[in-house]
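Structural characterization, general
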Amino acid sequence: MEVVNLLPASMVVADMIPDDVGTWLFRCHVNDHISAGMQVRYRVTDASSPGSGSGNSGHASHSP
Ligand SMILES: [Cu+2]
């Protein structure tokens, strides 16, 4: 599942298990929300690879 639909004033908790390393984008698909900053990049690293332990992470929330 790549997209979760939310109605105004609703929320969902979604667990994500990455299947590839890299920098990924997490964002809302509502243009006004994107303009307001509701998007974040996050980095998935290979925990078994030396020196890859500290990647960027982000936190985003959705509100009406
Ligand atoms: Cu939004």
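Quick note: structure is the one above.
Below or above, wherever it landed, is the structure these notes cover. (Residues numbered from 1 in each chain as written. Predicted model: local features only at pLDDT ≥ 70, side-chain atom pairs only at ≥ 80, totals over all residues.)

1. A few points about the overall build of the chain
The criterion, for reference: Strands are runs of DSSP state E lasting at least two residues, helices are runs of H or I lasting at least four, and both sets are numbered from the N terminus onward. Neighbour counting defines burial: a residue surrounded by 20 or more other C-beta atoms within 10 Å of its own C-beta is buried, one with 12 or fewer is exposed, and intermediate counts give partly exposed, using backbone-placed C-beta atoms. Here, residue contact means that the backbone-derived C-beta atoms of the two residues sit within 7 Å.
Across its full length, the chain carries one helix and two strands. N-terminal to C-terminal, the α/β element order of the chain is β-α-β. Counting across all 64 residues of the chain, residues that qualify as buried make up 0%. Taking as baseline every contact in the chain between residues at least 6 positions apart, the subset at least 24 positions apart corresponds to 24%.

2. Considering the environment of Val21
Here Val21 lies in the segment before strand S1 (22-27). A count of 14 C-beta atoms within 10 Å places Val21 in the partly exposed class. Along the backbone, Val21 and Val44 are 23 residues apart, and their C-alpha atoms lie at a distance of 4.7 Å. Those residues in contact with Val21 that lie beyond four places of it in its chain are Val44, Thr45 and Asp46.

3. Side note on the pairing of S1
Which entries qualify depends on this criterion: By definition, two strands form a pair when at least two bridges between them are found by DSSP.
With zero of its six residues buried, S1 lies for the most part at the surface. As defined by bridge partners, S1 adjoins strand S2 (residues 39-44) across six bridges and the pair is classed as antiparallel. Within the sheet, the bridge partner assigned to Phe26 lies in S2 and is Val40.

4. Quick word on the environment of Gly37
For Gly37, the position within the fold is in the loop between helix H1 (31-35) and S2. For Gly37, a count of 10 C-beta atoms within 10 Å puts it in the exposed group. Taking the C-alpha atoms as reference points, Gly37 and Arg27, separated by 10 residues in sequence, lie 8.9 Å from one another.

5. Let's talk about unusual backbone geometry
A positive phi angle is found at Ala9, which is not glycine, with a value near 65°. Relative to the elements of secondary structure, Ala9 occurs in the segment before S1. Using a count of 8 C-beta atoms within 10 Å as the deciding quantity, one classes Ala9 as exposed.

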